[in-house]
Amino acid sequence: MRMYIGGHEVVSETDFVELALGTPVELWLGVEGESEMERAARLDAARDILADNPDLPDRVSQVAAEAIEAFAPELFNVTPLAGARVRRRQSRRTGVAA
């Protein structure tokens, strides 16, 4: 089965992330052996992209959640630990509010 995002064929997981987010993965993760100058330039570009697209972190979370749901749904199956107790926070205030 072929997958397309915005008219572009998705060939790998990296393609999926890049096409879904509109930025290359290396921009956020860096590349092995990059110099300090290259790292600084990459981080500056990332900051500019985040400033121009404040919803990008939410989109990243959505893409990650959708990928987990599609390829590893068991990761969303959460069960409480045996013997775990829920702590209830009690107010220590006394008196009457003005």
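Residues numbered from 1 in each chain as written. Predicted model: local features only at pLDDT ≥ 70, side-chain atom pairs only at ≥ 80, totals over all residues. Heavy atoms only, no water.

Visitor: Describe the overall build of the protein, listing the residues and the values that go with them.
Guide: Helix and strand counts for the protein stand at 4 helices and 2 strands. Expressed as a percentage of its 98 residues, the buried residues of the protein come to 11%. Intrachain contacts of the protein at a sequence separation of at least 6 include 22% that bridge at least 24 residues. (Helix = DSSP H or I, 4+ residues; strand = E, 2+ residues; numbered from the N terminus. Buried < 20%, exposed > 50% of the residue type's maximum accessible area, 1.4 Å probe, protein only. Contact = heavy atoms within 4.5 Å.)

Visitor: How would you explain the confidence of the model for the protein if you had to name every residue and give the values?
Guide: With 81% of its residues at a pLDDT of 70 or more, the protein has an overall mean of 80. Strand β1 (residues 3-5) is the least confidently modelled element of the protein, averaging 70 in pLDDT, while helix α3 (residues 36-52) averages 94, the highest of any element. (pLDDT = per-residue confidence, 0-100.)

Visitor: Describe the pattern of salt bridges, and please don't skip the residues or the numbers.
Guide: Going through the model one piece at a time under the given rule, you end up with 2 salt bridges. Where arginine 42 meets glutamate 34, a salt bridge forms, and the shortest distance between an N and an O atom there is 2.8 Å. Judged by relative accessible area, arginine 42 falls into the buried class, the value being 13%. (Salt bridge = Lys/Arg side-chain N within 4 Å of Asp/Glu carboxyl O.)

Visitor: Quick one: what's the story with the side chain of arginine 42, residue by residue and with numbers?
Guide: Inspection of the secondary structure puts arginine 42 in helix α3. In this structure arginine 42 touches Glu26, Leu27, Trp28, Leu29, Gly30 and Glu34, once residues within four positions along its chain are discounted.

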